[in-house]
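Inside the fold
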Amino acid sequence: MARFLLPAGIEWLNPTKQITSIARSRSPIPGLRAPTTPCPFPPSAQRNLPFSPCKDCSFLRSRRPSLCKRRSEGVMAGGFRVLPLLILCSLFQGILGEEHQPNRPTERISGSAGDVLEDDPVGRLKVFVYELPSKYNKKILQKDPRCLNHMFAAEIYMHRFLLSSAVRTSNPEEADWFYTPVYTTCDLTPNGLPLPFKSPRMMRSAIELISTTWPYWNRTEGADHFFITPHDFGACFHYQEEKAIERGILHLLKRATLVQTFGQRNHVCLKDGSIVIPPYAPPQKMQAHLIPPDTPRSIFVYFRGLFYDVGNDPEGGYYARGARASVWENFKNNPLFDISTEHPTTYYEDMQRAVFCLCPLGWAPWSPRLVEAVVFGCIPVVIADDIVLPFADAIPWEEIGVFVAEEDVPKLDTILTSIPIEVILRKQRLLANPSMKQAMLFPQPAQSRDAFHQILNGLARKLPHEESVYLKSGQKILNWTAGPKGDLKPW
Amino acid sequence: MKQSAVQQSNRRAYPRSSAGDGGGVAAPADGSVFKSPGVIFWPAFHVLCCLVSAAAGFRFSRLLFLLLFSPLAPSSSSSFPRQHLRLPLVRQQPATALPSLLPPPAVLPPPPPPNSKSLASSRVVVGRHGIRVRPWPHPDPAEVARAHEILARVQQEQRLQYGVKDPRPILVVTPTYARTFQALHLTGLLHSLMLVPHPLTWLVVEAGGLSNETSAILSSSLVPVLQLPFREQMPVVWSDRHRLEARMRLYALRVIRERRLDGIVLFADDSNVHTMELFDEIQKVEWMGAVSVGILAHSAAPETPSRKQQREGDKENSHLPIQGPACNSSGHLIGWHTFNTLPYAKKAAIFVGEGVIVLPSKLEWSGFVINSRLLWKEAEGKPNWVRDLDDVGINGEEIESPLDLLKDATLVEPLGNCGKKVMLWWLRAEARYDSKFPTRWVIDPRLEIIVPAKRTPWPEAPPDLVFQQMADDEEHTREHVSKKSKSSRSKNSYRKKKKREANVNTQVSDLSIADVK
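Here's what I pulled together on the structure shown here. These numbers come from a predicted model, not from an experiment.

**A word on the overall build of chain B**
Counting its regular elements, chain B contains 15 helices and twelve strands. In chain B, buried positions account for 39% of the 517 residues. Residue pairs in contact within chain B that sit at least 24 positions apart in sequence constitute 74% of those at least 6 positions apart. Just so you have it, chain B exposes about 30,200 Å², and 58% of that area is on carbon and sulfur atoms.

In structure tokens form, the structure reads like this:
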């Protein structure tokens, strides 16, 4: 029965046929035009996906990737999928027609995001929230309420969202995912920066607690658990890249899914199957600074922030791998580039008056600037080699932003001025799409299609878990004594 | 090395104690590095280098000793900074090594980073990178031009999407006449109108017939101009002038009616200042609309003691310098805000060109916009609460404001967020009515009299005008009251003036004495 729906897509009418090529020429469903849009998944995102899109798969398969998974036993009944498929195909005609209309203020992101961003996770997964003692969450927050406002606040708001969400279940037997609410990024210095030195021990202590109190951890050694680690380098728990690489991801989290802000290809601290999320940016504050959309965009390139981190790297070269310093040295005299280190009160308003906003890496490749640029309609110019952007499997970042290699920074003005004007207008139309902006935000209370729901969508796309994650009794994979000795101290 | 490890742990101003507190992180790392026997040698060498640099006065870069001794160093540890020297494009910070210390790239064997051995080929390497600066980091003019094209196109797109859709043409009615300040006012208005993104026709009604001055200014206009001569001359007294301007505007409206010009009629006086939002806002009018006008009456008035009294009066009721529609809370027109002219009534200007406050009339024409179809003889949908234009203004009827064109003034639409947004300002600034200015503001090169600047008297003082004499009388009475010292001082100054003017023709000195009196 489940084979009925296997690699198929359009070919579900001929279940015996082998799919060897993209189904462009045959359209057995009447009215369905042959797809003309290319693979919506940028090559940069394809590594991190738990499934393989756009390879040996029809176009429609790429729109509903969950259909493409090769599973011997499908959890989802094949029959349920036919009806939405039919609706999808009829919508498809409308969507393709929509794309070619000129002079539309917003453009529906064609391909995956048009659907996937609008998915509703309720009903597709169940999450069980462990009840940890308050020393892991509430007490930490009480000690320092600044944690609610900094860019790592996603862990706290996600916890609050899950507690009152419809996907929460109180029966762990039926849960697909297990969430451990431990606030590891809330130990702040007087300046407000989080110290990660106790975080590994805190995490380890939490895992020990859940593995002894509930049987679900040992059942899979954490493969159906997820953790939110929004710190600089995720679960490597250090702010310095070299130290973080040396530490690697906490060993106990080897099999769990990590929801983190850090994303860089071929990096120790980005695990396969992690979900990359945007950093927290205060939604009300950004809404309060909106200006009328007909205010003409008169700034070509805008950036506010440090170029040299004088406190820690005065000569430059370490900070941002020299990219920010290069931007400054090359473009400080260029009238098209409005860049400085000031902190103006009109920062948000200025972004809404700019066409391009630079989002270069800092000590870590991610920054809240990307969120701000998307919310304010300014095309993000990402200068960070090999970065993995938030929700890369759902948002076609290549079509929305401009990616510049760090070695090409001296040619940034040439690159930006040579982008064809139609491409720029299209990017602006895509950015004007409210579903894009909504997906980057963590509003309180949660709204539909916001970042919380995108995280749940990402978790739902990883379902169902493979049989092999369920360990046989007595089988052990994790080594509880691995890692630096200091981590083993109890917290 | 150890120094660099400490430096890195100082990143982000974390206190050192916390680095030690973290404990488990720093100690094993250090322990793994310093297994080599050279553990004491390197810090000592580094101290030596520091002393050398302190003596020499420039920074003896760690780079140098790394490069010289790198083959001897223990096999790379993770905390060891990797130096990446790129090609001549790189320019290091001037604070670091002098160019002579930079070894040729061939000497440096970059040690392969061990950490990424475990990963699939990582292009991105941790450590110190060069700062890439291109040799001529100056803007390229062609690129700047392209960027401006992009900006213009983006703004056009914004206007298309968020701005006014299907804009109706605008008919701008301006009464004017040739005088000193005409070039100033008309040029400003011309440039404002040239910026308007909607189709526009400018009807310029000129008192005293068409003149070369006006034609010269309007010749550089990019908007289509319709010059309408008006036979009468502009009077000198302000009240008469307001009346004549109203008749000139009516004349323009009649022209619009005859030719059946289509659009929205905007009354733009040449000395007023308009914002671009005004032209977008008036597109919303259906038949007749009213906007709020900021009244800048204090254009030339100096601080007088009576202003204090005025300010005290302000505390009781605010005298907002605005004329416009007044709305109730549900957005319906209930009345009109007018500018309170009582405090200034005594000091108001009577003649054009006095340096005192010019007061506006009760409701200025510039605050109203009319759909031109209201003026046509027949138009579909034309409402019946409008008087026929042929019946207006005949038999000596004075039209003070466009409201006189209507039978029912309550049906005027308030624009600009119900009058809350002020999008134009009324201003009257004029020179003395008999002031001379070079024709078309071009100085004819043959000047008959050339006198040195220091001693240039006014060659021909024009006769006193009525208001000047009145003002002098007042001063004269005030002087009697003032103290002797003041009068003696003034007498002295007059005497000095007399001396200076001894060289010049007597006519001047006679006049100056007469002035003083």
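**Quick notes on the sheet that holds strand β5 (residues 273-274) of chain B**
All names here are of chain B. Read across the open sheet, the five strands follow the order β5-β12-β7-β8-β9; overall the sheet is mixed. Taken across any chain shown, the strands that pair with only one partner, and hence form the sheet edges, are β5 and β9 (333-337). Sheet topology places β5 next to strand β12 (residues 422-427); two bridges connect them, and they run antiparallel. Across the sheet, the residue bridging to Val273 is Trp425, located in β12.

**Concerning unusual backbone geometry**
Glycine aside, residues mostly have negative phi, and peptide bonds are mostly found in the trans state. All names here are of chain A. Between Gln444 and Pro445 the backbone carries a cis peptide bond, its omega angle lying at -5°. Checked against the element boundaries, Pro445 lands in the loop between α17 (434-439) and α18 (451-461). Cis geometry marks the peptide bond from Leu463 to Pro464; its omega dihedral reads -10°. Along the chain, the position of Pro464 falls in the segment after α18.

**A few points about the packing of aromatic side chains**
The geometry of an aromatic ring pair comes down to the distance between the two centres and the angle between the two planes. Residue and element names in this part refer to chain A. With the rule as written, the count across this model stands at 28 aromatic pairs over all chains. Taken together, a centroid distance of 5.6 Å and an interplanar angle of 90° make the contact between Phe128 and Tyr130 edge-to-face. The class for Tyr130 is buried, based on a relative accessible area of 1%. Taking 5.4 Å as the distance between ring centres and 75° as the angle between the ring planes, the aromatic pair formed by Phe300 and Phe356 counts as edge-to-face. Taken together, the positions of Phe300 in strand β6 (residues 299-304) and Phe356 in strand β8 (residues 354-360) put the pair 56 residues apart, joining distant regions of the chain. In this structure Phe356 comes out as buried when scored by relative accessible area, which is 0%. Among the aromatic side chains, those forming a connected cluster through ring pairs are Phe128, Tyr130, Phe178, Trp214 and Tyr216.

**Looking at the packing of helix α16 (residues 421-432) of chain A against helix α6 (residues 141-162) of chain B**
At a minimum axis separation of 10 Å, α16(A) and α6(B) run at an interaxial angle of 40°. As far as their axial angle goes, α6(B) and α16(A) are oblique. As α16(A) runs across α6(B), the sense of the crossing is right-handed. The segment α16(A) lies against α6(B), with Ile421(A), Ile424(A), Leu425(A), Gln428(A), Arg429(A) and Ala432(A) engaging Ile150(B), Arg153(B), Val154(B), Glu157(B), Gln161(B) and Tyr162(B). Split by residue class, the contact of α16(A) with α6(B) holds seven nonpolar, two polar and three charged.

**Here we look at the pairing of β6(A)**
Residue and element names in this part refer to chain A. Within β6, six of the six residues are buried, which leaves the element mostly enclosed by the surrounding structure. When β6 meets β8, the two strands line up parallel, connected through three bridges. Of the residues in β8, the one forming a bridge with Ile299 is Ala354. As paired elements, β6 and strand β7 (residues 337-340) share four bridges and run parallel to each other. Paired with Arg304 across the bridge in β7 is Ser340. Handedness of the crossover is the feature at issue here: the chain leaves β6, passes through helix α11 (residues 323-331), returns alongside β7, and the resulting connection is right-handed.

**Let's talk about the layout of surface pockets**
Residue and element names in this part refer to chain A. Reported here for the second largest pocket is a volume of approximately 1,500 Å³. Forming the boundary of the second largest pocket are 43 residues, of which Met151, Leu193, His343, Pro368 and Arg369 lie nearest the centre. Broken down by secondary-structure element, the contributors of at least two residues to the lining of the second largest pocket are α12 (347-352) and α13 (369-375). Ranked by the residues each element gives to the lining of the second largest pocket, the list is headed by α12, at three residues. When its residues are assigned to classes, the lining of the second largest pocket shows 20 nonpolar, twelve polar and eleven charged.

**Examining the state of the cysteines**
Evaluation of the coordinates by the stated rule reveals four disulfides over all chains. In this model, Cys147(A) is linked to Cys186(A) through a disulfide, with the two sulfur atoms separated by 1.8 Å. Note on the Cys147(A) and Cys186(A) pair: the S-S dihedral is about 120°, so by sign convention the disulfide is right-handed. Of the two residues, Cys147(A) is situated in the loop between α5 (138-143) and α6 (154-163) and Cys186(A) in the loop between β2 (177-179) and α7 (199-213); the sequence distance between them amounts to 39 residues. On the basis of relative accessible area, Cys147(A) is assigned to the buried category, the value being 0%. Taking relative accessible area as the criterion, Cys186(A) reaches 4% and is therefore assigned buried. Between Cys327(B) and Cys418(B) runs a disulfide, and the two sulfur atoms are separated by 1.7 Å. Its S-S torsion of about -105° marks the bond between Cys327(B) and Cys418(B) as left-handed, since a negative value means left-handed. Here Cys418(B) lies in helix α12 (residues 416-419) and Cys327(B) lies in strand β8 (residues 322-327), a separation of 91 residues in the sequence. For Cys327(B), a relative accessible area of 22% puts it in the partly exposed group. For Cys418(B), a relative accessible area of 17% puts it in the buried group. Of all cysteine sulfurs in the structure, the one in Cys357(A) sits closest to Cys359(A), which takes part in no disulfide; the separation is 6.7 Å.

**Side note on the nonpolar core**
Membership of the largest hydrophobic core comes to 140 residues, with the highest contact counts inside it found for Val127(A), Leu162(A), Leu253(A) and Phe356(A). Counting contributing residues per domain, this core is built from domain 1 (121-280 + 447-488) and domain 2 (283-438) of chain A, each supplying no fewer than three. The contacts of Leu162(A), once residues within four sequence positions are left out, are Val127(A), Val129(A), Val167(A), Arg168(A), Tyr179(A), Phe226(A) and Leu456(A). Core analysis: the next-biggest nonpolar cluster, separate from the first, contains 78 residues, Val205(B), Leu226(B), Leu389(B) and Leu403(B) among them.

Quick notes on the rules
Residues numbered from 1 in each chain as written. Chains lettered and ligands numbered in written order. Predicted model: local features only at pLDDT ≥ 70, side-chain atom pairs only at ≥ 80, totals over all residues. Heavy atoms only, no water. Helix = DSSP H or I, 4+ residues; strand = E, 2+ residues; numbered from the N terminus. Buried < 20%, exposed > 50% of the residue type's maximum accessible area, 1.4 Å probe, protein only. Contact = heavy atoms within 4.5 Å. Areas by Shrake-Rupley, 256 points an atom, 1.4 Å probe, with all protein chains shown as cover. Pairing = 2+ DSSP bridges. Phe/Tyr/Trp six-rings, centres within 6.5 Å; stacked < 30°, edge-to-face > 60°. Axes fitted to C-alpha atoms, helices over the stretch in contact; angles between N-to-C directions. Parallel < 35°, antiparallel > 145°, perpendicular 65-115°, else oblique. Left-handed = near helix turned anticlockwise from the far one by under 90°. Nonpolar A, V, L, I, M, F, W, Y, C, P; charged D, E, K, R; others polar. Right-handed = clockwise from strand over helix to strand, strands pointing away. 1 Å grid on protein atoms, 1.4 Å probe; cavity = no way out; pocket = protein on both sides within 12 Å on 5 of 7 lines; lining within 4 Å. Points joined across faces, edges and corners; volume = space filled by probe spheres on them. Disulfide = S-S within 2.5 Å. Core = buried A, V, L, I, M, F, W, Y, C linked by side-chain atoms within 4.5 Å. Domains from an automatic or database assignment.

Nothing here speaks to function; it is geometry throughout.
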